Amino acid sequence: MYTSSKLAKAVRLAMIGGAFASAATAVPAYAADEEEVERIEVTGSRIKRTDLENASPVSVITADDIMKQGVTNVSDVLQQMSASAGSGLTPAINNGGGGKASVDLRGLGTERTLVLVNGRRMVNSGTGADASVDLNTIPIAMVKRIEVLKDGASAVYGSDAIAGVVNVILKDDFEGAEISAQHGATTKGDGEEYDLSLTLGGANDKGNFVMNLGYYKRKAVGQANRGFSDCPIAEEDESSPDNAKFCAGSWYSIGGHGYLGNPNDPDFFENVQFEPGGNPANATGGQYHDWVNSGDNTDRYNYAAASYLSTPAERYTINTISEYEIAEDIRVFGEGMYTKRESDQQMAPQPIGAWFIPAYDSEGNLNPANDIVDENGNPLDVTLWRRMADVGPRKFRQDISTFRVVGGFEGDFDWADRSFSWQTYYQYGRNDATDISANYVNMYRVEQSSNPDVCSGSTADAGFDPASDVPCINYTGADALSSADADYIRYTDQATGFNEQNVWGASIGGDAFELPAGTLGFSFGFEHRDEEGGNQPDALTVSGQGAGNATQPTRGGYTVDEVYLETIIPLLSDMTAVKQLDLEAAVRYSDYNTYGDDTNYKLGLTWQVMDGLMFRSVKSTSFRAPSVDELYSGQSDSYLDHNDPCSDYTSLDPSSVIYQNCLAHLGGNDFTQQNDQTRAIVGGNQELEAETADTLTLGVVYESEFLEGFSATVDYYDIEIDDAISTRGVNDVINDCYSTAGAILGEGNCANVGRDQTGALDGVAVINENLQKIETKGYDIAMRYQTQVSNLDLGFTWEGTYVDEYVIDGNHDEGQIFANAGGIPEFKWTLGTDLSGDDWSLNWQMRFIKGMKDETIDEATPDPVSGLTGWEHALGKETDDIFYHDVAGTYFVTDSITLIAGIDNLLDEEPEYYTNYNDANTDPYTYDVLGRRYYIRAVAKF
């Protein structure tokens, strides 16, 4: 068996390993090194080889890169790669992140990046029925290297490998003991991180065993602790010719924001803020004052004050990997992985509304839950929007356990002067989650306790029983609710979820036969996979009596059987202008019990012109099978804004299609839309088909003979995805129905449209469908130069991605930043510099993100008052270019003790503001929200 040092040498020859992880890209291994090395698989191919280079572009991030960078999570490394964009989850995602960590290659969605561990699928993980892997489950202390394939690879790996593949290779050859401890924090004294790990390993002639124990803890940072995020920024509306930013927030205000009506005067209307509450500067000392919607004295609620900017988490991990030779050339192997994660998020108190609180009951008696009157003492009806500060901030907590075990046999044999290897394995993964949401409001009890025909007495009454009694509660004003009132409407939502995976497979590969240009290599195999997932909401949520609309449970699964064949065919060698020309071909057949079958192929070509120059190209197809959640998500109600084409339809041309349809659906009755929102049905769709993709890459790899130590790669990529799973807007569904001649509700284009007894639209289904076409193309570029200066090693690595196009359904989104899904910068790059001596090294990294445009701003329609378009009016129409600087130093105190220290975001750059920001007045998917922070790590080996 070849030593790890020989293998490492081959990897170094094949890959540009940058000073930092984000600057790692692939270059070929050439024949200059004649020392025999072990054959291994490199991501993108299942054929074992010694040259480590294939037709697809692969980046490699080593354990040394990770250690120098001071990161404590696999996702932190991957999200700094220039090919990473869009909506990969980080600790900065407080609203909806759920404590999960993920990577989004090419901005195509986390569900379209396949994650492997040691070349095999990792179980999806999160809060249940998840479509992607939680990278928190992979221990960074066990990482030997990370290989990132930036190419479609379904012919090799199956579903999900559309944007690329992340393959985490774990340490399997460690001997001795290693203790590592790291502490870090921001220079503002918050966001502390602690990371501890113990790695043990041993080996003999028969096999080896490695075990790692890890603990990690991260403390919270609040939005109130940073000047850029301490209050939600708003801009004056477009009717104002002189725009200005102001500290705003939500119109669900402290004390309540209401519309007042007089039941005896239909023309009476006031828009008010109840006192105490809102901005104290506006108080009049009465029950309410006129609502102030904007400016420095706005009554809006500052929800940032209670929200996290970076979320806390705690993690425990146990991991093992082993191999043992049970007979000559036959080995048994195993892997075990367990992660327990506890994570928290915090948001402002729940907003509730709008709900109607009448002045009188049905018999004309005053409502004891409503004491609001006009200036003449006349009781008033109230439509209320209120921030439930009395109940406390919403607190979210996930308690998640992930377990994975792999076991199998593998071996090597020779036959007819040819070498072969085989493997058979079984793996099981399970993820269980409890998702707790505290300080939620029971909307059923809120509505009942303000309904005079139902409520009586109060929570202060002797003998009050919250299980059976319905008290009357006054909700207007910040001090209106007593602690007993708050307890009556407060509840804790507890949901549970799981993901489960069973996989077994077998493969054989090796040298098929000799051709004039070399040996034809192959790999053939079979895999069977079962996936199951579910999510059980809290009972109140299922009944619709909780904090939002009713949500039904999710549960389902699927099975797939797959067979694949891959070959490398040497075409030409040792000819003029052709040192080696190889054809790579792969095909994979997948049979799903849900939607049917798929066949995907890959054709790749590598043309080594001479030592130091190689061209490469891959043409392939890929697919993504619908996830458990997309298929089986429990359908639920969602109230969405809509426009009813039948509103006042009698004014239309009687010969028009819309008129005729409305006439038929409404029985000839006049109709006027009364509500802006309609009840829509959202959720899974078991009729979904697979997403499909076509991918093309073209590249050149160069290693200079004239400038020793210089190498570069340039790769062009073009990805087209059809039938991407998405949902249509409710108005699109309605308009498709009513623009169809002879439309019948419940059939054809109106299959998802219905009306209630009043004639209003009701139950419009906007479930998952195969709808979108997504296209992206661009260039990945990398350069490296390694030399010596005054007996010191000096290295430079530059790696960047230029996005030429990013198009969704014909809309160009390259260079755009979104309101809720990150951004697609046109240009993103990293420059790394590494200077090292015998027992030390210094590292500097500069990261660049090109500025982006706010894609949600209207550039064309002028406001009727100011005459300005949204683009002309907006103050945050685009973000600036931003540079981050990171520095680190390593000192090898002895052969067994190493100290590492570093500072990230050295210049304390604040994140960029844009008008339609995601959260915290910025985009936490794209920008660093913590600011300058330091870390110190000590490593001791025995």
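All figures in this text were calculated on a predicted structure; none of them were measured in a lab. (Residues numbered from 1 in each chain as written. Predicted model: local features only at pLDDT ≥ 70, side-chain atom pairs only at ≥ 80, totals over all residues. Heavy atoms only, no water.)

Concerning helix α10 (residues 730-738)
Note that an α-helix has 3.6 residues per turn; residues three or four places apart therefore point the same way.
Stage number 1. Those residues of α10 lying buried are V730, V733, I734, C737 and Y738. Across the axial projection of α10, the buried residues extend over an arc of 120°, all falling on one side. (Buried < 20%, exposed > 50% of the residue type's maximum accessible area, 1.4 Å probe, protein only. Helix = DSSP H or I, 4+ residues; strand = E, 2+ residues; numbered from the N terminus. Arc of directions from axis to C-beta.)

Digging into the nonpolar core
Stage number 1. One finds L78, L135, I146 and V166 to be the most contacted residues of the largest nonpolar core, which totals 45 residues.
Stage number 2. At the level of elements, α3 (74-78), β4 (113-117), β6 (143-149), β7 (164-170), β34 (710-726) and β37 (792-808) are the ones that each hand at least two residues to this core.
Stage number 3. The leading source of residues in this core is β34, at four residues.
Stage number 4. Residues contacting L78, with those up to four places away along its chain left out, are I61, S84, V103, L135, I146, V148 and V166.
Stage number 5. I357, I372, L380 and A486 belong to the second largest nonpolar core, which has 23 residues in total. (Core = buried A, V, L, I, M, F, W, Y, C linked by side-chain atoms within 4.5 Å. Contact = heavy atoms within 4.5 Å.)

Overview of the pairing of strand β45 (residues 897-904)
Stage number 1. Of the two faces of β45, only the one carrying T898, I900, G902 and D904 is buried; I897, L899, A901 and I903 on the other face are not.
Stage number 2. The pairing of strand β44 (residues 882-892) with β45 spans six bridges and is classified as antiparallel. Along β45, the bridge assignment pairs G889 with A901.
Stage number 3. Adjacent in sequence and paired antiparallel, β44 and β45 are bridged by four residues.
Stage number 4. With eight bridges joining them, β45 and strand β46 (residues 933-941) adopt antiparallel strand pairing. Paired with I900 across the strands is R937, a residue of β46. (Pairing = 2+ DSSP bridges.)

Details of the pattern of salt bridges
Stage number 1. Per the counting criterion, the structure on display carries 48 salt bridges.
Stage number 2. One salt bridge in this structure joins R341 and D134, with 3.0 Å as the shortest N-O distance. Highlighted residues: R341 in strand β20 (residues 330-347) and D134 in the loop between β5 (120-121) and β6, separated in sequence by 207 residues.
Stage number 3. Residue D134 is classed as buried on the basis of its relative accessible area, which comes to 2%.
Stage number 4. One salt bridge connects E147 with R145, and the closest N-O pair in it is separated by 2.8 Å. (Salt bridge = Lys/Arg side-chain N within 4 Å of Asp/Glu carboxyl O.)

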